[in-house]
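Survey of secondary and tertiary structure
The chain contents come next:
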Amino acid sequence: MFFEDRRTAGRRLAARLEHLRGTGVVVLGLPRGGVPVAAEVASALDAPLDVCLVRKLGLPSQPELAMGAIGEGGVRVTNDEVMRTARITPDQLDRAEARERKILESRARQYRGGREPLRLENRTVLVVDDGVATGSTARAACRIARARGAARIALAVPVAPYDWTTRLGDDADELISLHAPRDFFGVGQFYADFAQTEDDEVVACLEAAPAGPMASQSSGHSPGQSPGPSPGRGRRV
């Protein structure tokens, strides 16, 4: 199965997600390539769209190895095993978070133009990317959404490796992929056009997204429903 581009992939993915229409779902796209896919899904489901901003916290000695991740709302999730093995001190973790949070906040301002992030408490959250390779970013995004109070999480992508549900089954309540081949070498091999998504396109997708039937509820939960838990810190990633 091949996709012409991310927009086409998003429209085809949306057809598999009709069961989420009318559930008050919030769609979160992973910048940058996941946002055009998520925009098509949000439009088809008449759901609000936002970005899921995640920054990896790399080890000081091995920046490519994650000891945790951060998200908006002060959320931080950690991999206790990696931290213990690397003997990471609380001060080292705090310094890494401070550095990455500056970048995260800058991206948030750039993409949203001053708009507040959508509230996720007690909501069904649909995390969308243009594909899954290792799954590390998708895993962090799901756990960040959970820490921000999401009641249920679905992760949807056009393409992923055949064993992706085994890798990510503990991180989302529902996993949806249109194509999960064994001969998987990279997400880009399944797109005719896999050009890099630019920041301007991310901004345009967010500005054009539907408000969604529940977006006007600033608290992010249904009337008469108590808000979800406060965003957590120090959760395991």
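So, here is what we can say about the structure in this document. (Residues numbered from 1 in each chain as written. Predicted model: local features only at pLDDT ≥ 70, side-chain atom pairs only at ≥ 80, totals over all residues. Heavy atoms only, no water.)

Moving on to the pairing of strand E6 (residues 124-128). Counted residue by residue, E6 has five buried out of five residues, so it is predominantly covered. Of the two faces of E6, the one holding Thr 124, Leu 126 and Val 128 and the one holding Val 125 and Val 127 are both buried throughout. Bridge count for strand E1 (residues 26-29) against E6 is four bridges, and the pairing is parallel. The residue bridging Leu 28 from the neighbouring strand is Val 127, located in E6. Relative to strand E7 (residues 152-159), E6 runs parallel, the two sharing five bridges. Across the sheet, Thr 124 pairs through a bridge with Arg 152, a residue of E7. At this point the chain moves from E6, through helix H5 (residues 136-147), to the parallel E7, and the crossover so formed is right-handed. (Buried < 20%, exposed > 50% of the residue type's maximum accessible area, 1.4 Å probe, protein only. Helix = DSSP H or I, 4+ residues; strand = E, 2+ residues; numbered from the N terminus. Pairing = 2+ DSSP bridges. Right-handed = clockwise from strand over helix to strand, strands pointing away.)

With that settled, the discussion passes to the environment of Leu 168. Note that Leu 168 resides in helix H6 (residues 164-168). Taking the C-alpha atoms as reference, Leu 168 lies 6.6 Å from Arg 139; in sequence the two are 29 residues apart. In contact with Leu 168, not counting residues within four places along its chain, are Val 132, Gly 135, Ala 138, Arg 139, Leu 155 and Leu 175. (Contact = heavy atoms within 4.5 Å.)

Moving on, we come to the pairing of strand E8 (residues 174-179). Among the six residues in E8, five count as buried, and that is most of the element. Direction of pairing for E7 relative to E8: parallel, over a ladder of five bridges. What sits directly across from Val 157, in E8, is Ser 177.

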